[in-house]
Amino acid sequence: MTGQAPRLAVWKFASCDGCQLSLLDCEDELLALGERVQFANFPEASSDIQPGPYDISLVEGSITTPHDAARIQQVRAASRMLITIGACATAGGIQALRNFDDVNAYRQAVYAHPEYIDSLATATPIAAHVPVDLELRGCPIRKEQLLEVLTALLHGHAPRLPQGSVCESCKAAGHPCVLVAHGVPCLGPVTQTGCGALCPAHGRGCYGCFGPREQANTSALSERLAGLGMSKPALTRLYRTFNAVAPAFETEGRRHES
Amino acid sequence: MNPETRTLRVDYLARVEGEGALHLEIEGGRVTRAELAIFEPPRYFEALLRGRDFHEAPDITARICGICPVAYMMSACQAMEDACGVALPPAIQDLRRVLYCGEWIESHGLHVHLLHLPDFLGFPDAVQMARVHPEAVRRGLRLKKLGNALVEAVGGRAIHPVNVRLGGFYRAPPLETLQGLIPELAWAIEAAEETIRFVADLDFPDFEVDYEFIALVHPDEYPMNAGRLTSSRGGDWPVSDFPAVLTETHVSHSTALQSRRPDGTPVLMGPLARYALNRERLTPRARVAAAAAGLGTVCRNPYQAIVVRAVEILLACEEALRLIKGYAPFEPAALAVMPRAGEGHGATEAPRGTLYHHYRIAADGMIDSARIVPPTAVNQARIEADLVALAQANLDLADDRLRALCEQAIRSYDPCISCATHFLKLDVVRHP
């Protein structure tokens, strides 16, 4: 990426907008960033929409309609590097709960004229449709990680992203363990770190919004939680929120389904 | 092409939250149709909430909107607390108001300076505008950052806070965390006044509508978390009457449901409505600033919503400062909320207007049904009616000018399409 400022595009699929808002939430860096990269397609922030190709595409949201399934192919074709941002793009998001249910029933529950609505039976991550170069986890992503990735790309080195579990970060920060001390269900041991162990820091259990860590031992955790009196349906719900179709959480959620 | 008959379209509205478009049809010199199309894909929150635990509603519904998650959390909490018969002590209510102030400052700060102002000054975005108006953009970014800092201090995270629960909070924030924001709030009060003066002098298109406004009204405060649903045409109702005051219909060009009065009248919610119905409960300083900005007792020009938003930034900064100065950490941080079979209603003032939640829950706390009416779904019908009138009054403009005027008008309502379900598309068809 030498010569001209790299051309950045931001794309929205089914999502809440929170992950791309993280870019606008870089209040101290936004104007400097605007001088280093060209916002070539960022409709939430600019009406100056330029045609591709783009050097970097940030993709928010999951694929839930036939139209979006076609659109992500065009985005991929127009992008040198495609980075998915957040739980929807990397693991389907909360709307992927439909994957465990009947989308027609959903449509009828919400809309008086379900025939007006064009919707796929599932919400799927971007990587289920096109190759993805880099994934940022979180519901929402952490803006510091987004800045790290953009800075690394501008300087041509690999981004340094936190590794390990929320549990490890939590212990390193010296927070009392909510699970051990208070018997509060916590997904910290099986969740990828990156949030700053926010929930345990506030005295609540981690709810897994960064998705499963690598080699997450979910069955051992479930056994422990069952020992504390957690019912099977409650266990399923615990794994089935914002990263419900991330493989490790999906499998564990199904295991406790009656 | 006969200039009297044309179609104009904007396929993807920029600088709005979510995916939408506008379609305008003009036949024989008369605007026959204006559709604010919302094509953001549906995410079926009301369906996926069924069978979830009532404690999960605030965290799940927050994910409807990354710009106003606090509004969703507050309306959800209020509805569940209503269902379970829990009334909160003042300390918890005050802290929720601080949290809400943070969201107003963040959301309005973003909209005023980064999304709406570029229209008036002739730029495609804030980054390019900053090359000519660096002070205004930097002031906006700093205000927005303060809003986020408030949400983070109380809620633990700026987007999708983690510290909110039914009955209160997981933890009352440490005293020094909130007090640490006092100097910046003192700066922000003056900065907000500067922004009010700046936007008051903008050139506003001459366009007024005789709106029926709907907003919460509370006897003691400018409304955020509490109040009665009130109409500018008379009438006020408990929040539980919301479904009778505004009825929902589903139109073919939208994945959002539209709400109107039972007689079909489209209404306006949001800053203009709150201001018209609550001006006397602004802080004295905000009232003075509003008057100096030429707002009068009612503002009927949607383009001037940018001024009202700026006044609400000032109000929110002053309120946050007042409440933080009186803050002392409290225990317990939340009241216990025990489930019981029944239903509950909640309505709070999201930055864009009144956000209504209704739930039925079972005795074990499982959610049986959920109904959520976001303000953009209510405003959508009103926006369409305004666009018809606006286009009709400006038919002499060339297509690109008319399109720009309509787009700017749409942005002035700050539609939240992810909330309403989606994205705006503007189309102008002039038939030959």
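Residues numbered from 1 in each chain as written. Chains lettered and ligands numbered in written order. Predicted model: local features only at pLDDT ≥ 70, side-chain atom pairs only at ≥ 80, totals over all residues. Heavy atoms only, no water.

Here the focus is the packing of aromatic side chains. Residues and elements named next belong to chain A. By the definition in use, this model includes nine aromatic pairs over all chains. Geometrically, the ring pair formed by Phe39 and Phe42 is tilted, given 5.6 Å between the ring centres and 55° between the ring planes. When its relative accessible area of 2% is taken as the criterion, Phe42 is described as buried. With a centroid separation of 5.7 Å and 65° between ring planes, the pair formed by Tyr207 and Phe242 is classed as edge-to-face. Of this pair, Tyr207 sits in the loop between helix H9 (198-201) and helix H10 (218-227) while Phe242 sits in the loop between helix H11 (232-239) and helix H12 (247-255), placing them 35 residues apart in sequence. (Phe/Tyr/Trp six-rings, centres within 6.5 Å; stacked < 30°, edge-to-face > 60°. Buried < 20%, exposed > 50% of the residue type's maximum accessible area, 1.4 Å probe, protein only. Helix = DSSP H or I, 4+ residues; strand = E, 2+ residues; numbered from the N terminus.)

Our focus in this paragraph is the packing of helix H6 (residues 134-155) of chain B against helix H8 (residues 182-200) of chain B. Geometry of a packed helix pair, given as the angle between the helix axes and the separation of the axes. All names here are of chain B. Interhelical geometry of H6 versus H8 gives an angle of 135° and a closest axis separation of 10 Å. The angle between the axes of H6 and H8 places the two elements in the oblique class. When you trace H6 past H8, the crossing you get is left-handed. In contact with Ala136, Arg139, Arg142, Leu143, Leu146 and Leu150 of H6, H8 contributes Glu184, Leu185, Trp187, Ala188, Ala191, Glu194, Thr195 and Phe198. By residue class, the composition of the contact of H6 with H8 is nine nonpolar, one polar and four charged. (Axes fitted to C-alpha atoms, helices over the stretch in contact; angles between N-to-C directions. Parallel < 35°, antiparallel > 145°, perpendicular 65-115°, else oblique. Left-handed = near helix turned anticlockwise from the far one by under 90°. Contact = heavy atoms within 4.5 Å. Nonpolar A, V, L, I, M, F, W, Y, C, P; charged D, E, K, R; others polar.)

Turning our attention to the sheet that holds strand E13 (residues 367-373) of chain B. Residue and element names in this part refer to chain B. Pairing is antiparallel in the open sheet, where three strands are placed in the order E11-E12-E13. Both edges of this open sheet fall to strand E11 (342-350) and E13, since each of them pairs with a single strand only. Neighbouring strand axes in the sheet, compared pairwise and without regard to direction, differ in orientation by 15° on average. Of the strands in this sheet, E11, strand E12 (353-361) and E13 are in contact with helix H13 (residues 375-393), which crosses E12 at around 130°. (Pairing = 2+ DSSP bridges.)

Taken together, the contacts link 65 residues of chain B with 57 residues of chain A. Across the chain B to chain A interface the summed buried area is about 5200 Å²; carbon plus sulfur atoms make up 60%. Between the two partners, chain B and chain A, sit six salt bridges. Its salt-bridge partner being Glu27(A), residue Lys144(B) comes within 3.0 Å of it at the nearest N-O pair. Our enumeration of links across chain B and chain A arrives at 23 residue pairs in polar contact (both at pLDDT 80 or more). Elements represented by at least two residues in the side of chain B that touches chain A include exactly helix H1 (45-48), helix H2 (57-62), helix H4 (90-121), helix H5 (126-129) and H6 of chain B. The element best represented in the side of chain B that touches chain A is H6(B), accounting for six residues. (Buried area = accessible area lost by both parts, 1.4 Å probe. Salt bridge = Lys/Arg side-chain N within 4 Å of Asp/Glu carboxyl O. Polar contact = N/O pair within 3.5 Å; in protein donor to acceptor, adjacent residues only side chain to side chain.)

What follows covers unusual backbone geometry. Each neighbour pair has its own omega, and for Gly52(A) with Pro53(A) the value is 0°, a cis peptide bond. Relative to the assigned elements, Pro53(A) resides in the loop between strand E2 (38-41) and strand E3 (54-60). Backbone torsion omega between Glu331(B) and Pro332(B) reads -10°, so that peptide bond is classified as cis. Positive phi, close to 85°, is recorded for Asp17(A), a residue that is not glycine. Looking at the secondary structure, you find Asp17(A) in the loop between strand E1 (7-12) and helix H1 (18-24). Look at Asp17(A) and you get buried, because its relative accessible area is 0%.

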